[in-house]
Structure formats: structure tokens, C-alpha cells
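# A look at the structure
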Amino acid sequence: MWLPVMGLVIGIILGLLTEIRIPEEYSNYLSIAVLAAFDTLFGGIRAYLQNIYDEKVFVSGFFFNIMLAASLAFLGVHLGVDLYLAAVFAFGVRLFQNIAVIRRILLTKWTTNKEKIEKS
Amino acid sequence: MKKIKVKVKGKNVILSLVFLVLGFMIAFSYHLTQIENQNAPRNLSGNQYEKTLALRNQLIAQEETNRRLQKELTQKQEMVQKNEKSLAKEAQVFLNVAEDAEKYRMFLGKMKVKGKGVKITLSDGAYDPKEDNVNNYLVHEQHVFKVVNELYISGAAAVAINGQRLTSRSYIVCNGPVITVDGVPHPAPFIITAIGEPDVLSSSLNLSGGVKDQLVNDNLVFTLERENEIVLNPILGS
């Protein structure tokens, strides 16, 4: 379990230490990608809690969503349509839904655990 | 057992890769946003913008005024300099005039004068029983005239008889036993003081056949002294 945590820490350190500057117009893509990553992450957690977690789906969804979101934003910029807003909207809604589901599952688990403890 | 471990490890590796990418992206985005916030000028609201604009305009106006005033100041300073120069010139002129006035006043006897010169004493000759006429050994006004004229001719700046300064309008009159200089009677002996170059004055008086010899011929006692400092008082009532 400590390996992914270490990966996260290393990633954060790398991100903070890199002095690479990307042009300002590309920061949109990055934010979309971050949003997509969050969405996938919470989706994965939800799937895990619902016992329908599949690693392949998670990993492929993670990278694919990031790239899709970025390319959608790219396309939007070149078409003159603010398509990244669509991505933000879609990912935002899904993020909230996923978090709500996780919350409910956790609540249910917590309640059943409590009942179990009280019963036993 | 081994397979499961490996499987778990592989799972963890993929997961950590995912987390690495996630952490990197989050940190990078955070970092970037912070840099942008630092670099980008703070966004101004319309109100603030207008205020800034007004202040800027005010500043520009102020600077323009400053510039104009600075120019004016420079011009004024130049004028002051010019005036000062002309004043200095005038002061020089005035100084010259004042010096001249001083000099002329000295010549006119309106102030006390001091300088090197000679002192000549003319006394009556000793009583001589052989001489019938007492006038033959008394000092007369023409003797005084001679001495005074000779002194003036040889360049005396100021002449006084018994301490009374002579002017250009002085008159010397023989009045019985005394000589009247400008109405003031003076008895013998007459001390004639003159300011001027002592050498020149004395040598001109001592010329052979000159004033001294003539006076001595008239039986007068003539003494001449050089003085380093002669002080002549101003003419009274001038």
C-alpha cells in the first residue's frame, strides 16, 4: 500500500521542482487533465467500494480521459468553441456524483458496522 | 503464493505509476498557478482602473506643471544672473565714482587729509638798525604768495597757512601787521604746510635764484623741513 503513496509523494515533489514553463494558453489543457485525473480517481475508488473495480479499466480510463480532455480542449481552442467548458462540466458533474456515491457507501458501511458492534 | 505476490506487486506498480502522474500533474498545476499569480499583474476592476487612470492623469498634469515651472525658474534665474552682472558693473562704476568723489573732496578741502610733505616757516628778519624801512625785513603777502604759488606749481596737493587750508577761491590780503587768509588774520611767523612729494617740493623751492633766494634777499628767515606726515584739517564752513 505504501508504494502508490510514495509514487504520489514523488510525483508532487517532481511537479514542484520542475522549472519547465508551459505557455499560458496551454494551462487550460493542464487544468482539464487534472480534472479528468481526479474524476477517474474517484471513479476508481467508487468502483472499488462497489466491488466492480477493474484495474485495466481504471488505468486505461485514467490516461485516456486525461488525453481526451486535453485534446477536446485543444480542438475547442482551434474551433473557436469553448469545448473545454463541456469537459469541465461533464467531469465536474461526474466528480460530484462519484463523491456522493462514495459517501453513501461509506455511510452505509459505517452504519452496518455500528449495528454489528451493537448486536454482538 | 509467489504469483499472488507478484500480481499484487504489479498492481501496486501500476497504481503507483498512476499516482505518480496524478501527483505530478496536481503539483505542476499548483506550481504553475502560483507562478502565474505572482507574475501577472493584479486584475483591476473598472472602478480601480478609473481611479488609477485619474491618478495617472493627475500625475502627468503635475509633471507637466513641474516642467513648465522648472523652465520658468531657469529663465528667471538667468534674468537674475543678468541683473546681478549689471549690478556688479554698476557697483564698480559707483565705486569708481565714489573714489573720485573722495579724491575731489580731498582736493577741495572738505575732509581731513594726510600725507608726506614739507613745512616752510617764514619769519620776519631780525631788527636791523641800519635799515630805515621796517618793511624791508617783514614778511609780506607777496612772499607768502610766492611760496604758495611755487608749491602749487611743483605739484602740491594741498597747502595750508598756519594750519588753514587754501582753496581755489582763497585770498590772501596784507592787512597791516597781519596777513588775512580768507578773512582770518594770521600773524608772523607763517608756517606753510604742503602735501606733496617732499623731494620735488623742496628742490623746487631751493632752486638757485628761486623762491628761497629771493626771500632770503628780502631779509626773511626761511626754514624748510620735510615731514613724513602732515595732517590738514578740513576747511571750516565748507
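Let me sum up the structure you'll find in this document. Since the structure is predicted, the reported quantities are computational estimates derived from the model, not experimental observations.

### Here's the deal with the packing of helix H3 (residues 55-79) of chain A against helix H4 (residues 83-119) of chain A
Residues and elements named next belong to chain A. Axis separation between H3 and H4 bottoms out at 7 Å; the angle between their running directions is 150 degrees. With respect to their mutual orientation, H3 and H4 come out roughly antiparallel. Residues Ala 69, Leu 72, Ala 73, Leu 75 and Gly 76 of H3 form the contact with H4, whose own contacting residues are Leu 83, Tyr 84, Ala 87 and Phe 91. Here the contact of H3 with H4 is built from residues that sort into 8 nonpolar, 1 polar and no charged.

### Considerations on the sheet that holds strand E7 (residues 190-195) of chain B
Residues and elements named next belong to chain B. Strand order in this open sheet of 5 strands is E3-E2-E7-E1-E8, and the pairing throughout is antiparallel. Bordering the open sheet on either side are strand E3 (164-165) and strand E8 (221-232), each of which pairs with just one other strand. With 6 bridges joining them, strand E1 (residues 113-123) and E7 adopt antiparallel strand pairing. Looking at E7, one finds that Leu 122 is bridged to Phe 190.

### Some thoughts on helix H1 (residues 2-17) of chain A
Residues and elements named next belong to chain A. The end-to-end C-alpha distance of H1 is 22 Å, a good match for the 22 Å that 16 residues give at a rise of 1.5 Å each. Burial in H1 covers these residues: Pro 4, Gly 7, Leu 8, Gly 11, Ile 12 and Gly 15. Along the axis of H1, the buried residues cluster in a sector spanning 130 degrees; they form a single face. Among the exposed residues of H1, those oriented more than 90 degrees off its buried face are Trp 2 and Leu 17.

### Topic: the pairing of strand E5 (residues 178-181) of chain B
Residue and element names in this part refer to chain B. Residue alternation in E5 divides its side chains into a buried set, Ile 179 and Val 181, and an unburied set, Val 178 and Thr 180. Across 4 bridges, strand E4 (residues 172-175) lies against E5 in antiparallel orientation. Across the sheet, Cys 174 pairs through a bridge with Ile 179, a residue of E5. Here E4 folds back onto E5 in antiparallel fashion, the turn holding 2 residues, of which Gly 176 has a positive phi close to 65 degrees.

### Re the packing of helix H2 (residues 27-49) of chain A against H3(A)
Residue and element names in this part refer to chain A. In the contact formed by H2 and H3, the axes pass within 8 Å of each other and the chain directions differ by 155 degrees. As judged from the angle between their axes, H2 and H3 are roughly antiparallel. The element H2 and its partner H3 pack so that their crossing is right-handed. Facing H2, whose interface residues are Asn 28, Tyr 29, Ile 32, Ala 33, Leu 35, Ala 36, Ala 37, Asp 39, Thr 40, Gly 43 and Gly 44, H3 presents Phe 58, Gly 61, Phe 62, Asn 65, Ile 66, Ala 69, Ala 70, Ala 73 and Phe 74. Within the contact of H2 with H3, the residues separate by chemical class into 13 nonpolar, 6 polar and 1 charged.

### Let's talk about helix H3 (residues 141-153) of chain B
Residues and elements named next belong to chain B. Given a rise of 1.5 Å per residue, 13 residues ought to cover 18 Å, and the 18 Å separating the end C-alpha atoms of H3 matches this to within 8%. What H3 keeps buried is the set His 143, Val 144, Val 147, Val 148, Glu 150 and Leu 151. On an axial view of H3, the arc spanned by its buried residues comes to 160 degrees, and they lie on one face. Summarising the geometry of H3, the exposed residues directed more than 90 degrees from the buried face are Gln 142, Asn 149 and Ile 153. Just downstream of H3, Gly 155 is the residue with a positive phi angle, here 100 degrees.

### Overview of the interface of chain A and chain B
Counting residues at the interface gives 24 residues for chain A, matched by 22 residues for chain B. Along the lines of polarity and charge, the residues of the side of chain A that touches chain B split into 16 nonpolar, 6 polar and 2 charged.

### Points about unusual backbone geometry
Residue and element names in this part refer to chain B. In the Ramachandran plot, Asp 182 falls in the positive-phi region, its phi being about 55 degrees despite a non-glycine side chain. Although it is not a glycine, Asn 219 sits at a positive phi angle of roughly 65 degrees. Checked against the element boundaries, Asn 219 lands in the loop between helix H5 (211-217) and E8. By C-beta crowding, Asn 219 is classed as partly exposed, having 15 other C-beta atoms within 10 Å.

### Describing the environment of B:Thr121
Residues and elements named next belong to chain B. Among the structural elements, Thr 121 can be located in strand E1. The class for Thr 121 is partly exposed, based on 15 C-beta atoms found within 10 Å. Counting along the chain gives 40 residues from Thr 121 to Ile 161, while the straight-line C-alpha distance between them is 9.7 Å. When neighbours within four sequence positions are excluded, Thr 121 is seen to be in contact with Pro 189, Ile 191 and Thr 223.

### Here we look at the environment of A:Phe38
Along the polypeptide, A:Phe38 turns up in helix H2. Spatially, the C-alpha atom of A:Phe38 lies 7.5 Å from that of A:Leu95, the residues being 57 residues apart in sequence.

The rules behind each value
Residues numbered from 1 in each chain as written. Chains lettered and ligands numbered in written order. Predicted model: local features only at pLDDT ≥ 70, side-chain atom pairs only at ≥ 80, totals over all residues. Axes fitted to C-alpha atoms, helices over the stretch in contact; angles between N-to-C directions. Helix = DSSP H or I, 4+ residues; strand = E, 2+ residues; numbered from the N terminus. Parallel < 35°, antiparallel > 145°, perpendicular 65-115°, else oblique. Contact = placed C-beta atoms within 7 Å. Nonpolar A, V, L, I, M, F, W, Y, C, P; charged D, E, K, R; others polar. Pairing = 2+ DSSP bridges. Expected span 1.5 Å × (residues − 1). Buried ≥ 20, exposed ≤ 12 C-beta atoms within 10 Å, placed from the backbone. Arc of directions from axis to C-beta. Left-handed = near helix turned anticlockwise from the far one by under 90°.

Take it as geometry only, folks, not as evidence of what the structure does.
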